[in-house]
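Reading the structure
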Amino acid sequence: MVPRPVRAVLLPSPIRRSVESHVAAAHPHEAGGFLRCVRRGDRLRATGHVPVRNDSPIPKRRFETTVDDRAPPPPRVFYHSHTSPASISGLTPVDKRSIPEPFALVVFAPQEAALSYRGFKRGLLTWRELRVEAGSSRSRLPRL
């Protein structure tokens, strides 16, 4: 039996707070890392947060890192923040070309606090958007 396609990422409150703390602490530099996940039907539920260092030469505008043994095993979600008000809240063209992971989360936080969460899944030709939901309530997190 073929599993249903992933349609959403669930971020329980403790994981969301951990990601938001990482994003705020790194501001105005972009922050990033991985969410350890388990699959629950057509959703990925985050169970852990693994921050990684931003190795970009321009950390206020880009997040770059090497996927190494810090990354949890699949299924996982790569996340990074956009901290500049000039950045769009979704994947930039550079993001679309350079993210090696099948799942990505963009946290838009131009003034330290997270304003928007946008999830994405890489398809054969393009990325498509996924819902990003609060833990058990499954209510949609803010999306700009």
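Our structure is the block above this text.
Residues numbered from 1 in each chain as written. Predicted model: local features only at pLDDT ≥ 70, side-chain atom pairs only at ≥ 80, totals over all residues. Heavy atoms only, no water.

Let us look at the packing of aromatic side chains. The relation between two aromatic rings is expressed through the spacing of the ring centres and the mutual angle of the planes. Evaluated as defined, the whole model comprises 2 aromatic pairs. With centroids separated by 5.8 Å and ring planes inclined at 65 degrees, the aromatic side chains of Phe34 and Phe78 adopt a geometry described as edge-to-face. Of the two residues, Phe34 is situated in strand β2 (residues 32-40) and Phe78 in strand β4 (residues 76-82); the sequence distance between them amounts to 44 residues. Here Phe78 falls in the buried class, since its relative accessible area comes to 8%. Grouping aromatic residues by their ring pairs yields a cluster made of Phe34, Phe63 and Phe78. (Phe/Tyr/Trp six-rings, centres within 6.5 Å; stacked < 30°, edge-to-face > 60°. Helix = DSSP H or I, 4+ residues; strand = E, 2+ residues; numbered from the N terminus. Buried < 20%, exposed > 50% of the residue type's maximum accessible area, 1.4 Å probe, protein only.)

Counting residues in hydrophobic clusters, the biggest one holds 22 residues, and the most contacted among them are Leu11, Leu35, Val77, Leu105 and Tyr117. Looking at this core, the elements with two or more residues in it are β1 (8-11), α1 (13-26), β2, β3 (43-52), β4, β5 (103-108) and β7 (127-134). Discounting chain neighbours no more than four positions away, the residues touching Tyr117 are Leu11, Arg16, Glu20, Leu105, Val106, Val107, Val132, Leu141, Pro142 and Arg143. (Core = buried A, V, L, I, M, F, W, Y, C linked by side-chain atoms within 4.5 Å. Contact = heavy atoms within 4.5 Å.)

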